[in-house]
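Residue-level listing of the chains:
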Amino acid sequence: MTYHIANGKVVSPEGCELNVAHHCNLGCASCSHLSPVFRRSFIDPDTAARDLHLLARSFAAKFVKVLGGEPLLHPRLVPILHQVRASGLAPHITVCTNGILLPRMREDFYAAVDEIEISVYPDRELDDEKMARVRAYADEHGVLLNISHYSHFRYSYAEHGTDDAALVRRIFATCQIAHVWRCHTLYEGHFFKCPQSVFLPQVLDGAKPLWTDGLRVTDEPDFPERLLAYLQDTEPLAACRNCMGSVGRRMPHQQRTRRDFRDLQKHSTEELTDHRFLTLLEERPDADDGCAVESADAWQERLRDRAAAAVPVPAPHAPRARKRS
Ligand code: SF4
């Protein structure tokens, strides 16, 4: 299913994302939102309300994902969730979190969401007692808990990028973030195909305008048509020159500091490309990226193996090496 216009709105088969805190309480290597290099930075609730209501006039999504960074860090998260609901942009609200701060969330939070997606990373999970409390709150409020365990990431971007236009086209064409998961992002009055095109330029080209790859949201009569054309455009974005899309090499999940986060990425796109996965995605666009662990037993087994081997992040020329939204 693709996009279409109905009742004057672009109808999406997937969602829309709102990043409410750009920093995080973790420092995952190759985080696709580059959160470890962002200092404490929160979305302004009034700006969010303005953008959500304006976009809702021209766009209908199945769900809104509220994420970051770590969204639970935002001190005014609940009022923002109320604005998401009031906008009517989508009938379903999901908060995506690493779960660490969930035990401190109260009734008003659970009453404001429909679903909580928890991405669990090695050595960063809640103990059984805290998790039981989170489950009880969620049950009480009819909130769906969706828990995924990630043992691996894929390299998310390459500091040196590439001048190979054909490779950039292949990375864009196979990008699950833009075309399968459709992680379209609302950011400061602009609509972006993906969060990477919001955050990568801010880190790599801080002095350049941040709006190159986005579309300014307006209430002009032709905006729905322009939004549809933007979503259906097959030309790569400017950010795709440095972004690995879905095809960065796979690597074991690791924590990094703000200081050394970018060091890991100081390679060309060619060096960080998983060519076998790129070819696979050209045949099967929704192929699994191999980063999530399938079951609780497999998760425990991976943790034991990891502790035994103390697995280091491989150098980019090693066979393999990213985050999801
Ligand atoms: S910048 Fe390009 S390759 Fe990266 S997520 Fe966005 S569309 Fe995909």
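Below you will find a few notes about this structure. Small disclaimer: the values here were computed from a predicted structure and weren't measured.

Here is what the cut-offs are and how they apply
Residues numbered from 1 in each chain as written. Predicted model: local features only at pLDDT ≥ 70, side-chain atom pairs only at ≥ 80, totals over all residues. Heavy atoms only, no water. Pairing = 2+ DSSP bridges. Helix = DSSP H or I, 4+ residues; strand = E, 2+ residues; numbered from the N terminus. Right-handed = clockwise from strand over helix to strand, strands pointing away. Salt bridge = Lys/Arg side-chain N within 4 Å of Asp/Glu carboxyl O. Buried < 20%, exposed > 50% of the residue type's maximum accessible area, 1.4 Å probe, protein only. Core = buried A, V, L, I, M, F, W, Y, C linked by side-chain atoms within 4.5 Å. Contact = heavy atoms within 4.5 Å. Axes fitted to C-alpha atoms, helices over the stretch in contact; angles between N-to-C directions.

Some words on the pairing of strand S8 (residues 144-150)
Two elements, strand S7 (residues 115-120) and S8, share six bridges in a ladder whose sense is parallel. Within the sheet, the bridge partner assigned to Ile-118 lies in S8 and is Ile-147. For the crossover that starts at S7, traverses helix H4 (residues 128-141) and ends in the parallel S8, the hand is right-handed. Pairing between S8 and strand S14 (residues 292-293): two bridges, direction antiparallel. Paired with Tyr-150 across the bridge in S14 is Ala-292.

Quick look at the pattern of salt bridges
This model, assessed by the stated rule, comprises 13 salt bridges. Between Glu-159 and Arg-262 there is a salt bridge whose closest N-O contact spans 2.7 Å. Highlighted residues: Glu-159 in the loop between strand S9 (152-154) and helix H5 (165-173) and Arg-262 in the loop between strand S13 (250-252) and helix H9 (269-272), separated in sequence by 103 residues. We classify Glu-159 as buried; its relative accessible area is 15%. Close ionic contact of Asp-263 with Lys-266 constitutes a salt bridge, the shortest N to O distance being 3.4 Å.

Points about the nonpolar core
In this structure, Leu-55, Phe-59, Phe-109 and Leu-227 are the most contacted members of the largest nonpolar core, which totals 61 residues. Apart from the residues within four sequence positions on either side, Phe-109 is in contact with Leu-72, Leu-77, Val-78, Leu-81, Val-95, Leu-102 and Ile-116. Listed in part, the 13 residues of the second largest apolar core include Leu-26, Cys-28, Met-244 and Cys-291.

Side note on the sheet that holds S8
Ordered by their spatial adjacency, nine strands build an open sheet running S12-S11-S10-S3-S5-S6-S7-S8-S14, and the pairing between neighbours is mixed. In this open sheet, the two strands that pair with only one neighbour each are strand S12 (215-216) and S14. Relative to S8, H4 is tilted by about 145°, and along the sheet it contacts S7 and S8. Running at roughly 50° to strand S10 (residues 185-187), helix H7 (residues 196-204) makes contact with strand S3 (15-21), S10 and strand S11 (190-192) of the sheet.

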